[in-house]
Number of protein chains: 4
Amino acid sequence: MVGGGKDAFIGAVHRIAARIDGEFDLVAGALSSTPERSRDSGAALGLAADRCYASYDEMAEAEAARQDGIEAVAIVTPNHVHAGAAKAFLARGIHVICDKPLTATMDQAEDLARAVRAADALFILTHNYTGYPMIRQARDMIAAGDLGAIRVVQVEYAQDWLTEAAEQGGQNKQAEWRTDPARSGVGGSVGDIGSHAHNLACFVTGLEVEKLSADLQSFVPGRRVDDNAHVLLRFQGGARGMLWCSQVAPGCENGLRLRVFGEKGGLEWAQEDPNYLWFTPFGAPKRLLTRGGAGATAAASAVSRTPGGHPEGYLEGFANIYAGAAQAIRAARQGRRDPVLDLLPGLEAGLAGMRFIEACVRSSDKDAAWVTI
Amino acid sequence: MVGGGKDAFIGAVHRIAARIDGEFDLVAGALSSTPERSRDSGAALGLAADRCYASYDEMAEAEAARQDGIEAVAIVTPNHVHAGAAKAFLARGIHVICDKPLTATMDQAEDLARAVRAADALFILTHNYTGYPMIRQARDMIAAGDLGAIRVVQVEYAQDWLTEAAEQGGQNKQAEWRTDPARSGVGGSVGDIGSHAHNLACFVTGLEVEKLSADLQSFVPGRRVDDNAHVLLRFQGGARGMLWCSQVAPGCENGLRLRVFGEKGGLEWAQEDPNYLWFTPFGAPKRLLTRGGAGATAAASAVSRTPGGHPEGYLEGFANIYAGAAQAIRAARQGRRDPVLDLLPGLEAGLAGMRFIEACVRSSDKDAAWVTI
Amino acid sequence: MVGGGKDAFIGAVHRIAARIDGEFDLVAGALSSTPERSRDSGAALGLAADRCYASYDEMAEAEAARQDGIEAVAIVTPNHVHAGAAKAFLARGIHVICDKPLTATMDQAEDLARAVRAADALFILTHNYTGYPMIRQARDMIAAGDLGAIRVVQVEYAQDWLTEAAEQGGQNKQAEWRTDPARSGVGGSVGDIGSHAHNLACFVTGLEVEKLSADLQSFVPGRRVDDNAHVLLRFQGGARGMLWCSQVAPGCENGLRLRVFGEKGGLEWAQEDPNYLWFTPFGAPKRLLTRGGAGATAAASAVSRTPGGHPEGYLEGFANIYAGAAQAIRAARQGRRDPVLDLLPGLEAGLAGMRFIEACVRSSDKDAAWVTI
Amino acid sequence: MVGGGKDAFIGAVHRIAARIDGEFDLVAGALSSTPERSRDSGAALGLAADRCYASYDEMAEAEAARQDGIEAVAIVTPNHVHAGAAKAFLARGIHVICDKPLTATMDQAEDLARAVRAADALFILTHNYTGYPMIRQARDMIAAGDLGAIRVVQVEYAQDWLTEAAEQGGQNKQAEWRTDPARSGVGGSVGDIGSHAHNLACFVTGLEVEKLSADLQSFVPGRRVDDNAHVLLRFQGGARGMLWCSQVAPGCENGLRLRVFGEKGGLEWAQEDPNYLWFTPFGAPKRLLTRGGAGATAAASAVSRTPGGHPEGYLEGFANIYAGAAQAIRAARQGRRDPVLDLLPGLEAGLAGMRFIEACVRSSDKDAAWVTI
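Below is a short write-up of the structure. It should be emphasised that the depicted structure is a prediction, and the values quoted were computed from it without experimental measurement.

Focus: the overall build of chain A
Tallying secondary structure elements over chain A gives twelve helices and twelve strands in all. Taken over the C-alpha atoms alone, chain A extends approximately 65 × 50 × 35 Å along its principal axes. Restricting to contacts in chain A with at least 6 residues of sequence separation, those with at least 24 account for 67%. Accessible area of chain A: about 12600 Å², with a carbon and sulfur share of 48%. Placing the 37 positive and 45 negative side-chain charges of chain A at their respective mean positions leaves the two points 4 Å apart.

Some words on helix H3 (residues 56-65) of chain C
Residues and elements named next belong to chain C. Buried within H3 we find Met59, Ala60 and Glu63. Looking straight down H3, one finds that the buried residues subtend no more than 95° of arc, so they occupy a single side. Exposed residues on H3 whose side chains face more than 90 degrees from its buried face are Glu61 and Ala65.

Overview of the pairing of strand S5 (residues 209-217) of chain C
Residues and elements named next belong to chain C. Across the nine residues of S5, seven count as buried, placing the element largely inside the fold. Taken together, the eight bridges between S5 and strand S6 (residues 228-235) define a ladder with antiparallel strand orientation. In the sheet register, Ala214 faces S6, and the bridge partner there is Val231. Inspection of the sheet shows S5 paired to strand S12 (residues 371-372) by two bridges, in the antiparallel sense. Within S12, the position partnered with Leu212 by the bridge is Val371.

Here's the deal with the nonpolar core
Nonpolar side chains in soluble globular proteins generally cluster together in the buried interior. Within the largest apolar cluster, 214 residues are counted, with the highest numbers of intra-cluster contacts made by Phe89(B), Phe123(B), Phe89(C) and Phe123(C). Not counting residues within four places of it along the chain, the set of residues in contact with Phe123(C) comprises Ala86(C), Leu90(C), Val96(C), Cys98(C), Leu102(C), Leu112(C), Val116(C), Pro345(C), Gly346(C) and Leu347(C). Membership of the second largest hydrophobic core comes to 212 residues, among which are Leu212(A), Leu351(A), Val76(D) and Leu315(D).

Structural notes on the interface of chain B and chain A
Contacts between the two partners involve 43 residues from chain B, matched on the other side by 43 residues from chain A. Summed over both partners, the interface of chain B with chain A comes to about 3500 Å²; 59% of that surface belongs to carbon and sulfur atoms. Per-residue buried area on chain B facing chain A is highest for Arg151(B), Pro250(B) and Phe282(B); these three make up 18% of the total on that side. The tally of links between chain B and chain A comes to eight salt bridges. At the junction of chain B and chain A, the tally comes to 18 residue pairs in polar contact (both at pLDDT 80 or more). When grouped by side-chain class, the residues that make up the side of chain B that touches chain A number 17 nonpolar, 13 polar and 13 charged.

Description of the sheet that holds strand S2 (residues 95-98) of chain D
Residues and elements named next belong to chain D. The strand order across the open sheet formed by three strands is S1-S2-S3, and the pairing between neighbours is parallel. Whereas interior strands pair on both sides, the edge strands pair on one side only; in this sheet they are strand S1 (72-75) and strand S3 (123-125). Sheet twist, expressed as the average angle between the axes of neighbouring strands with direction ignored, equals 15°. In this structure, S2 lies alongside S3, joined through three bridges in parallel fashion. Its bridge partner being in S3, Cys98 is matched across the sheet by Leu125.

Regarding unusual backbone geometry
All names here are of chain A. Of note, the bond from Lys100 into Pro101 is cis; its omega dihedral lies within 30 degrees of zero at -10°. Among the secondary structure elements, Pro101 is positioned in the loop between strand S2 (95-98) and helix H5 (106-118). Located in the positive-phi region is Ala368, a residue other than glycine, with phi close to 70°. Looking at the secondary structure, you find Ala368 in the loop between helix H12 (347-365) and strand S12 (371-372).

Points about the relation of the copies chain B and chain A
For the pair chain B and chain A, the superposition axis carries a translation of 0.0 Å, the fit reaches an RMSD of 0.0 Å, and the rotation angle comes to 180°. Taken together, these values place the two copies in the relation of a two-fold axis. Looking at chain B, 100% of its interface residues are interface residues in chain A too, so the copies touch through the same face.

Considering the relation of the copies chain C and chain A
Relating one copy of the chain to the other requires a rotation about an axis plus a shift along that axis. When chain C is fitted to chain A, the best match, at an RMSD of 0.0 Å, comes from turning it 180° and sliding it 0.0 Å along the axis. A share of 100% of the interface residues of chain C reappears at the interface of chain A, consistent with the copies meeting face to face through the same patch.

Notes on the pattern of salt bridges
Residue and element names in this part refer to chain A. This structure, assessed with the given rule, holds 101 salt bridges over all chains. Among the ionic pairs, Arg51 bridges to Glu63, the shortest N-O distance being 2.7 Å. Of this pair, Arg51 sits in the loop between helix H2 (35-44) and helix H3 (56-65) while Glu63 sits in helix H3, placing them twelve residues apart in sequence. In this structure, Arg51 and Glu63 share a single accessibility class: buried. Here Glu312 ties to Arg305 by a salt bridge, and the two come within 3.5 Å at their closest N and O atoms.

What counts, and where the lines are drawn
- Residues numbered from 1 in each chain as written.
- Chains lettered and ligands numbered in written order.
- Predicted model: local features only at pLDDT ≥ 70, side-chain atom pairs only at ≥ 80, totals over all residues.
- Heavy atoms only, no water.
- Helix = DSSP H or I, 4+ residues; strand = E, 2+ residues; numbered from the N terminus.
- Contact = heavy atoms within 4.5 Å.
- Areas by Shrake-Rupley, 256 points an atom, 1.4 Å probe, with all protein chains shown as cover.
- Lys, Arg positive; Asp, Glu negative; His and termini not counted.
- Charge placed at Lys NZ, Arg CZ, Asp CG, Glu CD.
- Buried < 20%, exposed > 50% of the residue type's maximum accessible area, 1.4 Å probe, protein only.
- Arc of directions from axis to C-beta.
- Pairing = 2+ DSSP bridges.
- Core = buried A, V, L, I, M, F, W, Y, C linked by side-chain atoms within 4.5 Å.
- Buried area = accessible area lost by both parts, 1.4 Å probe.
- Salt bridge = Lys/Arg side-chain N within 4 Å of Asp/Glu carboxyl O.
- Polar contact = N/O pair within 3.5 Å; in protein donor to acceptor, adjacent residues only side chain to side chain.
- Nonpolar A, V, L, I, M, F, W, Y, C, P; charged D, E, K, R; others polar.
- Axes fitted to C-alpha atoms, helices over the stretch in contact; angles between N-to-C directions.
- Least-squares fit on C-alpha atoms with pLDDT ≥ 70 in both.

Take it as geometry only, folks, not as evidence of what the structure does.
In structure tokens:
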């Protein structure tokens, strides 16, 4: 693991997600930006002292040289470190599981893209919400035509943790780096959570956004990036959509929500109640499809661990990305490409996300003019 | 009553709303577009034969001449008739309670505006959703500063009854006229329901929309007006918003929903569950305020008829407009202006709605360019 | 109307319910227990002075003598007055619409039963919750076999308004009489709301309770009747059930809720969200049936006034009892018995309710021994 | 691990729960009832061949003899095996984490109790629902007096998976053993899930059930144990309650739900939406307390892994029992008793559960007579 030391939120999540199915062991790390902190964090996690590295470069080199070196690395640093770290491991044939968004800048993204394409290793991006069973089912139902041609997509991701200037005062490391353009990228809310919403909408519908018009705001005085964004979407093939993301919406904890409407029916899903998928075939009563329940399909069951009514949550959804990665890595050992990769976000999803973020900022700079992605 | 004969939906609603509090008696009508149907409908409602009129002009003239002539008229026709009918009664000092939107065209709206301003009678527009007790409370809480300065407004009104081409085949009178620009106006979904959403957002926040950018669609082949609209909003004072209205969203029955977020808190309300108002003061748990419950304020109680847990619905909300009208009319008899008029939508709300509809169409025609209202 | 003067809750509800469909006019009343208050209340409601009576006896006599005398009377007094008042009108051929429970005592109930059976007039009891459209549909679905043989019935009615000793201090008239055995009867919560729950369970399932075991409590010091009751039910044919009613359950406003499970499926309904009926055919996803929606059947539509998504509430459900009464009265004028009477609670439901209340108290007095009803 | 081979449900759950926090490694097992299946299952889980044992006796002996022998064992067999297996390990000082209920019979329970009391090892029972963060918070709030004296407890646990005779036909191993009195015990639904409901009610309120009256049913023809139970509860100190458990309630997946009402407030929690706790202080609006949200207390935070809005589920709740066990075991190594043991169900909870099950059956056999526990 690169990153994920003390004060980190997402590192701990990755560690649990990797552990749930018993497919990964954490054996080495460059967990912090200073050698000392890196060693302390490693010790706290039970890593051997000689596998707590001062930097990702050192780690990549040393691990590649070991007989028992790591087979895959999780990169859970702030965004501006993703590209450099990933390249170091990919170049040595070590598989990379990287947090989203892809990078902090488009230049970094393109640089990383070249490295991924040249590498003899997998690159998986943890757009973790795609791992939820009912999201997999939604994608499958739409692909099967249950909704007919898609007309309207409503996606939103609302939070409230940046309602006040939490990045000031030095108390909140998460707020600090996520509102710092140098570490996070040009997008604030659009980068941190809007990119998840965009990814989810595309993953579920199978459609790409063609054009968008974005109105970004930075409501909190002194904030250097957007903390709220309103985006109009036009998809390939004629579907239209709206995307709202916000970090200043009091009462919203982690309100990622997707609604898709087609000629024949509608679907609705909310991340905070992820075991439920609402499906209305036009002209019939709404149905509550539950993970593990009578309406669950193979797409959901394949990534479920418990029966209906035994709720799975965020960590299990995240773990499905890791479980998929493990499956793909096992196939790669034998020179095969596992079809699970069709379900796992990777470089292309990452590039699409970067184009989305960049297009939002560009559109907003031009007073919400349409921008082609 | 003008309009509201057989096959009408909203006429029956107005009649019940007028009756609930026992403030109005229905005694005369020009209920249909043909004399014969008008008489039949009147008879079915128990009107005296000599007060079933062939036209609103005939009715206005005759009723104005009677000693026991009507004191107020409800106009519940398709939109293109509103202006002519209202003018006929206003000119004779008869109060008008008119269905929304104000008229079918901006020209009609301006014409009617002159008549209203010149008249010695009240003009009330049934933007009925403003009559819900928890909406009144939401407005009051925001005015009292419970949310601080407003930042973000999310409003939507989604239905599914026009998912297919219901206007074709002659079976569905409602679908027919509501998708006919000559009777309904240039707006389809934006006129029929988007105008309600716009009105509700403004009523609750106390803010006006300054600029908008609208992307209108007509998804159903052959449809002559929009059936889905995505609108970016910029309010006076810096608040931003999104408005979505749709008649092609399977699974949405009458999904009017409003969320408002400010510096200090957030509110959420949904028309289909109107007795609940969700309030989150930033940094504190979400609270479920219920009509008639411990968190209900005077603004809600003033328009409630039953204790908490005894749900009131659409008809009671609608009846609150009528009850307010009755109160205002009683004051008018004595030459007074009742302060309830501050809560009742009238000409100004109607004009704002027409400008909203017209701006949506204009913006969409220019590929969603910003339009100043 | 008898009863329903100032400080009354249910009188105002009856008046609105009677008015919603325009079938009844309120023209006479003995509205309070003193002549003066009765006159004041009558004047406030716009009754003619000569039709504001000092007592129900006076009213029954005078109205029966008038050419334009009342055709039906609503009795909305405390329970101990029901029998006397109803007898006075029934004896003169005036139809009676009476609030529940039937009477305060079993003796009064039997006395009234004789009068009803002897009378040439209808007797309708406002177990108003049976008037909700989705309750009518639930009954219909069960009768049609959609659930198969019924196995389990869970019914509850929880409130919190008597959590403290509201009956003390003289401020709360409702609390005062409803906790006074002389006026309310031997049952406190079981009489006031448990009887509704019992009635609803029987109405929907079509089953009668055969035996029960009741554990009644009076939690608030000084309270003279039960304020919480736990009851085991055994129905004819083998179904089993539980009934909980409480007036001391903080957070419960008017929580009447029914769940029925059979060999083939389950149903769930909650009074506070009355437009929804949840139906699960065993082995299939749960369906949300909505009043006016795609899953609504004729039984619901027959008593609906608005389309799906335009919520109807407590007053409309109540009004359906009045509308049914009007229909039955019109048939009675012509000597016919209208089949709507099969859906309207009357004497038999009232007697069943009295036996239920009495059995609960008797069982609880014997430490929750089984009591045959 | 003892038990948990192929076809087992709860074994896989225990393994994930043990793994989530990285505190346990699975290194040995007697996973099935036959040596061969035990070895196959062990191999599938990656156990060394010499640590796949044919029986728990063999395993206990061998592991106790190894230098690197197991420190704790998870027993996840059918109930009738619990006592024998647990005794084998306890006798050798190996800590036991055992699935519920304690045993199949009261004799076995008392036998095991003696062994636990004599042992120099911990005994933890996986009444896993006590591990949910908001359940820990509910317990804490009640202990702190937020509800005042408890009056009413409503607890239910409804499922539908045994609506039909799933135990027949040999296809459903879970249904087979759970409805077999020899393996499961005298209780069917009361043993399998009623015991969870009982445990949860006692854990949260801090009260013990003093007397109960139970009406057990076996609705499915041929079923050898109860599949539905209605139970009246009387708690120490005067609180009253109802417990419903069912395996024949179509539409209920895993509907464990608890409501507690006291003099000053009410709480409500549902296992299928476990991140929410509803709290109503009497006379104030209902509050939605969320795990990780503004209303979460230290009791919840101590067992949370993710921020609010990132839902945790069944496996994390289960894992909290394992995490607590790990903490207690680490203290035990140093001869200390960790206070976390006050929160972990153990022998006493297990015995209380056995007395509950036995009392339910005994009461029901006497036609729901009161039975003192």
